[in-house]
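This is what each chain is made of:
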Amino acid sequence: MSEKAPLLHYRLTTSGPEPTDGSKHGRAKVGRGGRGSGEKPARKLGVVFGVITPTLLSMFSVVVFLRVGFVVGQAGLYQSIAMFLVAYIIITMTVLSVCAISTNGALDAGGAYYMISRALGPEFGGSIGIMFFFANVCGSALYVLGLVEAIMSVFGIPEEGGAASAGPHQVLPSGYLWSVLYGTGLLFLCFLVCLVGAHIYAKAAFIIFIMVTTVLVSIFISFFIVRPVGLVLPDTSVNSTSLTIANFTGFRLHTLQSNLLPSYTVDYTTGAMMNFATVFAVMFNGCTGIMAGSNMSGDLKNPSYSIPRGTIAAVLITFITYNLLSLLAAWSCDRCLLQKDYSFLGDINIWPPMVTVGVYSSTMSAAMSNLIGASRILYALAKDNLFGGVLALARKTSRSGNPWVSVLVSWLLVQVVLFAGKLNTIAGIVTIFFLLVYAAVNLACLALEWASAPNFRPSFRCFTWHTCTLGIIGCLVMMFLISAIYAFASIAFMLLLLMLIHYLGPISNWGYISQALIFHQVRKYLLMLDVRKDHVKFWRPQLLLMVANPRSSTGLMTFINDLKKSGLYVLGHVKLGLLDGLPSDPLQSCYESWLSLVDHLNIKAFVNLTLADSVRHGVQNLLFITGFGYGLDTVCLTKDPTEQRSPFFPSVRGAEEDKDLQEEEYVSLIADAVKMGKNVTLARYFDQFNREEVLGSGRKIAGHQSMTGPFVDVWPLNLLQPDSHGYVDICSLFLLQLACVLQETRTWNQARLRLFLCVEAGCRLQEEEETKLRVMLKKLRISAQVQMVTWDEVVALHWQRRGGREKGNLAECAQSEEKMEQEERAQKEDGNEMFPNNAAQLTEEYICAVNNLILRHGAPRPAVRFLYLPRPPADLNRYRAYLHQVELLSRDLGPTLLIHGVTPVVTTDL
């Protein structure tokens, strides 16, 4: 007769033992009288003792003794076998991923955490390590509580009847506090073993494995030699004192037929109605523990050889064992026995205490291995310094290399979890944590496969991205099947850890899988860019900003970052010199400083440095190689040639780099860019640009927030060619497009565009150009405040120089225009239409007058001005005069962009 209470709640989770020596993550560390500092202890474990034994011990645990009958009794034989098939497909996919990673190079101690962190980088490794640590902590508490329940079921005094109804062996007081006290004592015993060293558990593991194997053999033998017997079980119904007869029939066809189909009923241990999902969750817990072999990596002779073979062998052995036990139980035990007595294997055993010994030994082993595993994972995390000084104390070890502080911290956390007092409270959490770790392992292998890195070539090739994906999906489905709330919470916690390590953790030298994936995807999509399919309506700026001295150009760099409108932004830099005679490229050591500057300014830009014998040649190189699709379309330079020194930080600038860039060479940069079909932007006075002050220009009026925003002034006429006519050309449209792009950015969306049209009173082209411009703005959906500026007096200064007319002599307007058209036709015939020489005919008086005109119409003061930049002259001798005129035009205007556009960037087509 069996009157045993349930020994364990049905949700049990197993975990593999961690490496079995105290030298993980520091085997060369030696105390007095130990090994030499450079000598490592020999690895002695092979496939059987290093992988198969710990994996079998972890996967069997106590589930094989207490829950096989539960699964068959509720789900029937058919569904039980189907459940095992589904469960083992899920864990097999994870095993394939573990084997692939473990055979992709030399392994050190650290187990799954070491493999994942070194393969994928600190974000994945750290987050998975923390999850694995908590899983082992909760798992250790789970098994301690399970062992307490198993002991109390035999030796505990029933709470209802008290000592009067207790049996001769029931001598232990019952209750919550007593259970916590018993659990604390058992945990302290595990703590002492781990504190001395994991090698004690390693020695005991083989003995425990022999005991568990002996118990299993006795169970199989008992099915064949024990005679049929009827067992009297107490009725677990409420307020019922009747007894139930359950039969062990031996092998009977009738018994097998009655157990083939499911018969879900109330679980007598919890009072909950069972269904396929709940029974599957119970059964799945007996299939975990697959990482026990990989966690022994530091002690294996040949990890890449032992882990795949040993883990797969253990999975096959447990699969066969579970299915054989299910078949034998369905063939010899009636449904009542399977449903009402989960400890029936002890009742029908040739020596009933055998199963109890197996339960106690396997549970104690599992609790100890989880505590050891948690301490080693915590020590590895502390040693890798992923969380800064938070885990600094956990790096301390004893003379023998045992991380005693990590053991102490892990023991304290397990003790805290013990106060939950019930398996129901933590069993689901433990299962979900382990499933999440398994899903992350599959994700890691999938990421390595997708990244297609040449160095990812594992010798174990029995996996594909399909198996990884199936493993991820299976683990996630199981998580939400057990508890959707716990699943969501654990995933959110892991993502939080990943982001924290990504943003706050130190940069490691392990490698980042994210970089490999990004490179792989970017390369694939760049190859899909086809310049033949490009269209002007999808144009976006691709800007190259040539930076001379980054310390004095931060304002310009942040402004151009706003101007790029999700386009390409490259910081270019030229260092004077040649590789001849140098031992290595001097630019390689400078990239980190530039990237740190990009991070500090919080801009989205690439850095491209080049070494050349002159600034002009260096800029040409960058113009050739920079850009996507059609390539770079806009180059930005600072206006003053004295700002264009060969640009490095002052602390590292050599004496030969202090020479100013000559004015002729500076204008040559502009001419080269135009010849190459690039738009040119000259920036001036951006040392006066304060982005925070400009963008915070909103004012409160009558208690309301009136975001007037900054002004952006656009002068679309070529002011250095006053005898030209027409406001709508490629260059003026490029000015408008850039101003509109700036206004559309999130930080500048309150800016207001002011468009200034310079007209001569009475000229017949005035009304036509104004009407044409307003229609164009409407078609281009550009919102701008158009202001007409009469500049007859200014233009008169120019005509006086040429002797064409006096101020107010409007009768010669048409003649002047006709003359200009003839000059333009002559220039085209000479092949110099790209570089007109009209600028040489301008006087300083006229240019200063234009400058004053811009200043007078700049109230309130704009945040930035966009001016038309004429093409440089064809005559090289006039470069200095050209640059001088540009300087006079923009003098004292504040932050100003002088822009020359050669690229069509707007269209009215849908």
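For the structure given in this document, a descriptive report is provided here. (Residues numbered from 1 in each chain as written. Predicted model: local features only at pLDDT ≥ 70, side-chain atom pairs only at ≥ 80, totals over all residues. Heavy atoms only, no water.)

Side note on the environment of Phe734
And step 1. Within the secondary structure, Phe734 sits in helix 24 (residues 730–744).
And step 2. Taking relative accessible area as the criterion, Phe734 reaches 0% and is therefore assigned buried.
And step 3. With 134 residues separating them along the chain, Phe734 and Tyr868 place their C-alpha atoms 9.5 Å apart. (Helix = DSSP H or I, 4+ residues; strand = E, 2+ residues; numbered from the N terminus. Buried < 20%, exposed > 50% of the residue type's maximum accessible area, 1.4 Å probe, protein only.)

Topic: the side chain of Ser490
And step 1. As for its placement among the helices and strands, Ser490 is situated in helix 17 (residues 484–504).
And step 2. Taking relative accessible area as the criterion, Ser490 reaches 2% and is therefore assigned buried.
And step 3. With residues up to four places along the chain from it excluded, the contact list for Ser490 reads Met131, Ile432, Phe433, Leu436 and Met479. (Contact = heavy atoms within 4.5 Å.)

Things to note about the environment of Pro54
And step 1. Mapped onto the elements, Pro54 comes out in helix 1 (residues 47–60).
And step 2. In this structure the C-alpha to C-alpha distance between Pro54 and Thr311, which are 257 residues apart in sequence, comes to 9.6 Å.

Some points on the nonpolar core
One broad rule of soluble globular proteins: the nonpolar side chains tend to lie buried together.
And step 1. Grouped together as the largest cluster of nonpolar side chains are 153 residues, with contacts concentrated most on Phe65 and Met291.
And step 2. Broken down by element, the residue count for this core peaks at 19 residues, all from helix 3 (residues 68–102).
And step 3. Aside from chain neighbours lying at most four places away, what touches Phe65 is Val212, Val215, Leu216, Ile219, Tyr342, Leu345, Val355, Gly358, Val359 and Ser362. (Core = buried A, V, L, I, M, F, W, Y, C linked by side-chain atoms within 4.5 Å.)

Describing the sheet that holds strand 14 (residues 896–900)
Each strand in a sheet pairs with another by means of backbone hydrogen bonds, the pair being arranged parallel or else antiparallel.
And step 1. One open sheet accounts for 10 strands, arranged 5-4-3-6-7-14-13-10-11-12; its pairing is mixed. Of all the strands in the sheet, just strand 5 (606–612) and strand 12 (785–790) have a single pairing partner and so form its edges. Each strand axis lies, on average, 25° off the axis of its neighbour in the sheet, ignoring direction.
And step 2. Alignment of strand 13 (residues 864–868) against strand 14, held across four bridges, turns out to be parallel. When the sheet's bridge partners are listed, Arg865 is paired in strand 14 with Thr896.
And step 3. Sitting on the sheet, helix 20 (residues 591–601) touches strand 4 (568–576) and strand 5, and the angle it makes with strand 5 is about 145°.
And step 4. Lying on the sheet, helix 21 (residues 615–625) is in contact with strand 3 (542–546), strand 4, strand 5 and strand 6 (634–638); it crosses strand 5 at an angle near 135°. (Pairing = 2+ DSSP bridges. Axes fitted to C-alpha atoms, helices over the stretch in contact; angles between N-to-C directions.)

Things to note about unusual backbone geometry
And step 1. Cis geometry marks the peptide bond from Ala859 to Pro860; its omega dihedral reads -10°.
And step 2. Positive phi, close to 65°, is recorded for Tyr685, a residue that is not glycine.
And step 3. Examined against the element boundaries, Tyr685 turns out to sit in the loop between strand 7 (679–684) and helix 23 (691–695).
And step 4. Under the relative-accessibility criterion, Tyr685 is labelled buried at 15%.

Some thoughts on helix 1
And step 1. Compared with an ideal rise of 1.5 Å per residue, which puts 14 residues at 20 Å, helix 1 spans 18 Å between its outermost C-alpha atoms and is within 8% of the ideal.
And step 2. Burial of helix 1 is extensive: 11 of the 14 residues sit out of reach of the surface.
And step 3. For helix 1, the complete set of buried residues consists of Gly50, Val51, Ile52, Thr53, Pro54, Thr55, Leu56, Leu57, Ser58, Met59 and Phe60.
And step 4. Immediately downstream of helix 1, the backbone of Ser61 shows phi near 45°, a positive value. (Expected span 1.5 Å × (residues − 1).)

Notes on the pattern of salt bridges
And step 1. The tally for this structure, following the rule as stated, stands at eight salt bridges.
And step 2. Linking Asp672 and Arg616 is a salt bridge whose minimum nitrogen-to-oxygen distance equals 2.7 Å. In this pair, Asp672 is assigned in helix 22 (residues 663–675) and Arg616 in helix 21, connecting sequence segments 56 residues apart.
And step 3. Exposure remark for Arg616: the relative accessible area of 29% places this residue in the partly exposed category.
And step 4. Residue Arg754 is joined to Asp713 by a salt bridge in which the shortest nitrogen-to-oxygen separation is 2.7 Å. Taken together, the residues span a long stretch of sequence, with Arg754 in strand 11 (residues 752–759) and Asp713 in strand 10 (residues 711–715) at a distance of 41 residues.
And step 5. Given the relative accessible area of 2%, Arg754 is considered buried.
And step 6. The network of salt bridges with shared partners includes Glu663, Glu664 and Arg880. (Salt bridge = Lys/Arg side-chain N within 4 Å of Asp/Glu carboxyl O.)

Some details on a nonpolar patch on the surface
And step 1. A contiguous nonpolar patch, built from Phe493, Leu495, Leu496, Met499, Leu500, Tyr503 and Leu504 and spanning about 740 Å² of accessible area, is present on the exposed surface.
And step 2. Mapped onto the elements of the fold, Leu504 is located in helix 17. (Patch = residues over 30% accessible without salt bridge, like charges linked within 9 Å, V, L, I, M, F, W, Y side chains within 5 Å. Areas by Shrake-Rupley, 256 points an atom, 1.4 Å probe, with all protein chains shown as cover.)

Topic: the packing of aromatic side chains
And step 1. One pass over the structure, following the stated rule, counts 26 aromatic pairs.
And step 2. Ring centres of Phe84 and Tyr322 lie 5.4 Å apart, and the angle between their planes is 20°; this geometry places the pair in the stacked category. Placement of Phe84 in helix 3 and of Tyr322 in helix 10 (residues 303–332) is noted, with a sequence separation of 238 residues between them.
And step 3. Judged by relative accessible area, Tyr322 falls into the buried class, the value being 2%.
And step 4. Measuring from centroid to centroid gives 5.9 Å for Phe132 and Phe434, while their planes differ by 90°, and the two rings are edge-to-face. (Phe/Tyr/Trp six-rings, centres within 6.5 Å; stacked < 30°, edge-to-face > 60°.)

Structural notes on the packing of helix 5 (residues 122–155) against helix 6 (residues 176–196)
The description of two packed helices rests on the angle between their axes and on the distance between the axes.
And step 1. At a minimum axis separation of 9 Å, helix 5 and helix 6 run at an interaxial angle of 120°. It follows that helix 5 is oblique to helix 6 by the angle criterion. As helix 5 packs across helix 6, the resulting crossing turns out to be right-handed. In this structure, helix 5 contributes Ser140, Val144, Leu147, Val148, Ile151 and Met152 to the contact, and helix 6 contributes Ser179, Tyr182, Gly183, Leu186 and Leu187.
And step 2. Broken down by class, the residue content of the contact of helix 5 with helix 6 amounts to eight nonpolar, three polar and no charged. (Parallel < 35°, antiparallel > 145°, perpendicular 65-115°, else oblique. Left-handed = near helix turned anticlockwise from the far one by under 90°. Nonpolar A, V, L, I, M, F, W, Y, C, P; charged D, E, K, R; others polar.)

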